[in-house]
Amino acid sequence: MNDSHSSSSDSASMAANDQNVGRSRRSGSGDQTLATDIPRHWHDIFWLGVFLFHLMGLALALAVLGLNRFKKSDRFNFDRYTSNTTGTVENSHGLTEDYWPMYGLGGGVGTLLGWAWLLLLGWQANHMMKFSVHILTTYLAVVSVLCFWSEQIFWGVTFAIGAALQFLYVISVIDRLPFTMLVLRKAVKMVWSLPEVMRVSYAFMLVMLLWMGLWSFGAAGVVASNIDLSGRWWLLVVLSLSLFWTGAVLCNTVHVIVSGMVFLVLIHGGREAASMPPNPLMKSLRYSVTKSFGSICYGSLFTAAIRTLRWEIRGLRSKIGKNECLLCCVDFLFHLVETLVRFFNKYAYVQIAVHGKSFNRSARDAWELFQSTGVEALVAYDCSGAVLLMVTILGGLITGTCSGVWTHIKWNDDRVSMVGSTAMLMGMVLVGLAMVAVESAVTSIYICYAEDPLLIHRWDAEFFNQLSEALHQRLQHRSARAREVLTHNRFNVGIQGTVPV
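Remember, it's a predicted structure, so these values are computed and weren't measured experimentally.

**Student:** I would appreciate a short explanation of the overall build of the protein chain in the present structure.
**Tutor:** Helix and strand content of the protein chain: 19 helices and 0 strands. Burial statistics for the protein chain: of 501 residues in total, 51% are counted as buried. Sequence-distant contacts in the protein chain: of pairs separated by 6 or more residues, those separated by 24 or more amount to 81%. When the accessible surface of the protein chain is summed, it comes to about 23,500 Å², and 66% of that surface belongs to carbon and sulfur atoms.

Printed below as a string of structure tokens:
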């Protein structure tokens, strides 16, 4: 028995190594091909214009909304447009400066959490990730209880459902967490070996914090306004969607910068290699905020939503069992989302950083590269993106709780949920900016492994062997499932053939 197991393990390693060598040969000249300084062109300029126009228009709107109730009630006499819905000025909810400090607290807490997580990940990455995965369910449940206690029934039910879904998701992927933690540890190791990458993350968090100063000024003006409850909520939803897009653009800009740096380090065999080009960080930064910025703005609109939907459908699909009707419906959604993933995936940003392509072409090329080499099996098995999202959500919840509790102490009404929910979004954006450096390293590692596995072997031979073994196991698992489905279908066809008409 032991001999057969050893023979199987040896054959798995040999198959993985043969596949890796084949992929290395297909990649052409290896380092020389990947290191070529390709001329860059402007891409997705339309979306660049849309984003900048949206940013300038929103900045003006935020300034007006905040100034309308700053130190003076209804400075621009907007109440005459809302008098039909609010009736009298007795419904006034205060001034902008009454709520701005609460958003300031949220921005400060989010920034501190983002910086703290980056520092703690470098110290104890494995423990911090495990802590985030398991504490999020508890924190969601606690926030749900607090909402019920404050008679915020809608938010209580929402967070209770969130806690249940989080628990079910962790249970469904518990067997994948060891491999996920391995990849995340190596990504953290890569990020911490590049101090300039850490400085980029900190700098972009400060840029986001400055924008949030203006954004929260306008949001505080909306909360303090004389508009009816539903009108204020709709305005806050619009402002939140704008903040989400702006935050995603900044996160993906960092993604492109970090991916370019990680790719260069892996190609040249180290940060201190003599072949490293001068000022690689500034070159990557310049490309990301000029010629590649339109592609970043475009991809930021859809990538996060499609990726989250893909995680949920994958988890649901694996738990359905033999309910053929439900499985058919979920399979239809699964294939639809998989088609969208070909054109909107986070691995596109690595291709943008390295090759300067448009977003859709980068996403398509990255996905075809994964599927042609079989690395897509590892990507589908890995949960690093979901784990980092849990860290982001936890940071947002802590931020929203701090601002919400302060608002509850001063006013126990609908303003608590308004300030708390929008502050939570601020915290998620700030913590997400800190986490994106690690996620960029993960995506770059997978792209490099698919392009030329020897790049990973030269960087960390032990990690290369672990990736190769995991890839072989996942491909074997998929082959076994495919044979099982094929056998089941043939068996059903055989039974139907024996039934008399």
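**Student:** Looking at this model, I keep getting lost on the nonpolar core. Mind explaining?
**Tutor:** In a soluble, globular protein the nonpolar side chains are often hidden away together inside. If you look at the biggest cluster of nonpolar residues, it comprises 113 residues, and the most contacted ones within it are Phe179, Met208, Phe370, Tyr446 and Ile456. No other element matches the 22 residues that helix 17 (residues 414–451) contributes to this core. Not counting the four nearest positions on each side in its chain, methionine 208 is found in contact with Leu243, Thr246, Gly247, Leu250, Val429, Leu430 and Leu433. Counting residues in each nonpolar core, the second largest holds 17 residues, with Phe51, Trp245, Val249 and Ile306 among its members.

**Student:** Teacher, can you tell me more about the packing of helix 5 (residues 96–149) against helix 6 (residues 153–172) here?
**Tutor:** The description of two packed helices rests on the angle between their axes and on the distance between the axes. The contact between helix 5 and helix 6 brings their axes to 8 Å, and the two run at 160°. Put simply, helix 5 runs roughly antiparallel to helix 6. Classified by chirality, the crossing of helix 6 by helix 5 is left-handed. Packed against helix 5, whose contacting residues are Val133, His134, Leu136, Thr137, Leu140, Ala141, Val143, Ser144, Cys147 and Phe148, the element helix 6 presents Ile153, Trp155, Gly156, Val157, Phe159, Ala160, Gly162, Ala163, Gln166, Phe167 and Val170 at the interface. Its residues assigned to classes, the contact of helix 5 with helix 6 shows 15 nonpolar, 6 polar and no charged.

**Student:** Can you walk me through the packing of aromatic side chains in this structure?
**Tutor:** Each aromatic ring pair is characterised by the separation of its centres together with the angle its planes make. The final tally for this structure, using the stated rule, is 19 aromatic pairs. Relative to tyrosine 202, the ring of tryptophan 115 lies with its centre 5.7 Å away and its plane at 80°, an arrangement referred to as edge-to-face. Taken together, the residues span a long stretch of sequence, with tryptophan 115 in helix 5 and tyrosine 202 in helix 8 (residues 195–224) at a distance of 87 residues. Members of the aromatic cluster, joined through ring pairs, are Phe46, Trp47, Tyr298, Tyr349 and Phe359. When the ring centre of tryptophan 459 is taken as reference, the NZ or CZ atom of lysine 189 above it lies at 5.3 Å.

**Student:** Explain helix 3 (residues 45–67) to me, please; I cannot follow it from the model alone.
**Tutor:** Note: α-helices contain 3.6 residues per turn, so residues at a spacing of three or four share the same orientation. Taking 1.5 Å of rise per residue, the 23 residues of helix 3 would be expected to cover 33 Å, and the 33 Å separating its terminal C-alpha atoms lies within 8% of that figure. If you check which residues of helix 3 are buried, you get Leu48, Phe51, His54, Leu58, Leu62 and Gly66.

**Student:** What is the right way to look at the packing of helix 3 against helix 9 (residues 229–268) in this model?
**Tutor:** Relative orientation of the contacting elements helix 3 and helix 9 amounts to 135°, with a least axis distance of 11 Å. With respect to helix 9, the axis of helix 3 lies oblique. The handedness of the crossing between helix 3 and helix 9 comes out as left-handed. The segment helix 3 lies against helix 9, with Val50, Phe51, His54, Leu55, Leu58 and Leu62 engaging Leu239, Ser242, Trp245, Thr246 and Val249.

**Student:** Looking at this structure, how should I read the confidence of the model for the protein chain?
**Tutor:** Parts of the model with low pLDDT should not have their predicted coordinates read in detail. Mean pLDDT for the protein chain: 80, with 77% of residues reaching 70 or above. The element-level mean pLDDT for the protein chain is lowest in helix 2 (residues 31–35), coming to 39, with helix 3 highest at 93. Counting contacts from residues 1–36, a segment whose pLDDT is below 50, to residues more than four positions away or on other chains yields 40 contacts. Confidence drops under a pLDDT of 50 for residues 84–91, and excluding neighbours within four residues, the segment shows 10 contacts in the predicted structure.

**Student:** What's the story with the environment of tryptophan 459 in this structure? I'm lost.
**Tutor:** Relative to the elements of secondary structure, tryptophan 459 occurs in helix 18 (residues 453–459). For the pair tryptophan 459 and histidine 268, spaced 191 residues apart in sequence, the C-alpha separation works out to 9.8 Å. Setting aside chain neighbours within four positions, we find tryptophan 459 in contact with Lys186, Lys189, Met190, Leu266 and Ile445.

**Student:** Even after reading the chapter, I still don't get the pattern of salt bridges, so can you show me in this structure?
**Tutor:** Side-chain pairs of opposite charge can arise where the charged atoms are in close proximity. According to the stated counting rule, one finds 5 salt bridges in the structure shown. A salt bridge links lysine 186 to aspartate 460; its shortest N-O distance comes to 3.0 Å. Here lysine 186, found in helix 7 (residues 177–192), pairs with aspartate 460, found in the loop between helix 18 and helix 19 (461–498); they are 274 residues apart in sequence, far enough to count as distant. The partner of aspartate 365 in a salt bridge is lysine 357, and the shortest N-O contact between them spans 2.7 Å. Beyond isolated ion pairs, a larger network of salt bridges with shared partners links Lys186, Lys189 and Asp460.

**Student:** Even after reading the chapter, I still don't get the environment of methionine 390, so can you show me in this structure?
**Tutor:** Secondary-structure assignment places methionine 390 in helix 16 (residues 384–410). For methionine 390, a relative accessible area of 5% corresponds to the buried category. Dropping the residues within four chain positions of it, methionine 390 is found in contact with Val133, Leu136, Gln166, Tyr169 and Val170.

**Student:** Would you mind showing me how to read helix 13 (residues 348–355) here?
**Tutor:** Burial of helix 13 is extensive: 8 of the 8 residues sit out of reach of the surface. Residue glycine 356 follows helix 13 closely and has a positive phi angle near 70°.

The rules behind these values
Residues numbered from 1 in each chain as written. Predicted model: local features only at pLDDT ≥ 70, side-chain atom pairs only at ≥ 80, totals over all residues. Heavy atoms only, no water. Helix = DSSP H or I, 4+ residues; strand = E, 2+ residues; numbered from the N terminus. Buried < 20%, exposed > 50% of the residue type's maximum accessible area, 1.4 Å probe, protein only. Contact = heavy atoms within 4.5 Å. Areas by Shrake-Rupley, 256 points an atom, 1.4 Å probe, with all protein chains shown as cover. Core = buried A, V, L, I, M, F, W, Y, C linked by side-chain atoms within 4.5 Å. Axes fitted to C-alpha atoms, helices over the stretch in contact; angles between N-to-C directions. Parallel < 35°, antiparallel > 145°, perpendicular 65-115°, else oblique. Left-handed = near helix turned anticlockwise from the far one by under 90°. Nonpolar A, V, L, I, M, F, W, Y, C, P; charged D, E, K, R; others polar. Phe/Tyr/Trp six-rings, centres within 6.5 Å; stacked < 30°, edge-to-face > 60°. Lys NZ or Arg CZ within 6 Å of the ring centre and 35° of its normal. Expected span 1.5 Å × (residues − 1). pLDDT = per-residue confidence, 0-100. Salt bridge = Lys/Arg side-chain N within 4 Å of Asp/Glu carboxyl O.

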